[in-house]
Structure formats: C-alpha cells, structure tokens
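Examining the three-dimensional arrangement
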Amino acid sequence: MTTNLASYPARVSPMLPYRQGLDPVRARVTAGHQLTNDQMMQAVEAAGQAPEVVHLPRGTHGPHPGDVLYWVTCVGGAGLLLIVATT
C-alpha cells in the first residue's frame, strides 16, 4: 500500500433506509415535556391543589423485611470492615 489516497479510495457503503416511512419503534415511543420537581410543585400551587401525599396501605406495620435485611447487611459489612481495619 502506498500513502497516496488516490490509489485507494475509501469505500462508502450506501445508507439504505430500513423501510420507507416511520421507524416502528420510534413511532411507539413518546415522551411529554419533562418537568423538574420545582416546576411541578409550582404548577400544583398555582392550580390551588394540595400536593400529593403517599399513604401506606392499611395493614402495613413497620418496614418491609427486605429493607431490614438490606440495612442489617450494610451495618454488618461496615462493622466487619472496621474490625479488619483495626486488627
């Protein structure tokens, strides 16, 4: 090969459209105007409505067992790291 680009032109593959018309995936996906939390709160206050409050369903007493397991593991891991660091 030589460094002369005229002797080895770059091959260009033509970009053929997938189909004529809209892409079926992009046609299904839509997104509205995205608001920040501050903008949503201002809109709620301007409408004169109270902000939404999330209420737990009746019969749920205390934290979820998965949350307890997560925090016990985190605290246990931190404790083990402290033990290993001090010994």
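1. Focus: the overall build of the protein
If you tally the helices and strands in the protein, you get three helices and zero strands. Surface summary for the protein: the accessible area is close to 9100 Å², and the carbon and sulfur share equals 64%.

2. Here's the deal with the packing of aromatic side chains
Taken as a whole, this structure holds one aromatic pair when the rule is applied. Look at Tyr70 and Trp71: their rings are 5.2 Å apart centre to centre, the planes differ by 80°, and that puts the pair in the edge-to-face class.

3. Re the confidence of the model for the protein
Taken residue by residue, the protein gives an average pLDDT of 75. The fraction at 70 or more is 67%. Within the protein, the element-level pLDDT minimum falls on helix H1 (residues 24-28), averaging 71, and the maximum on helix H3 (residues 65-86), averaging 94.

Procedures and definitions
- Residues numbered from 1 in each chain as written.
- Predicted model: local features only at pLDDT ≥ 70, side-chain atom pairs only at ≥ 80, totals over all residues.
- Heavy atoms only, no water.
- Helix = DSSP H or I, 4+ residues; strand = E, 2+ residues; numbered from the N terminus.
- Areas by Shrake-Rupley, 256 points an atom, 1.4 Å probe, with all protein chains shown as cover.
- Phe/Tyr/Trp six-rings, centres within 6.5 Å; stacked < 30°, edge-to-face > 60°.
- pLDDT = per-residue confidence, 0-100.

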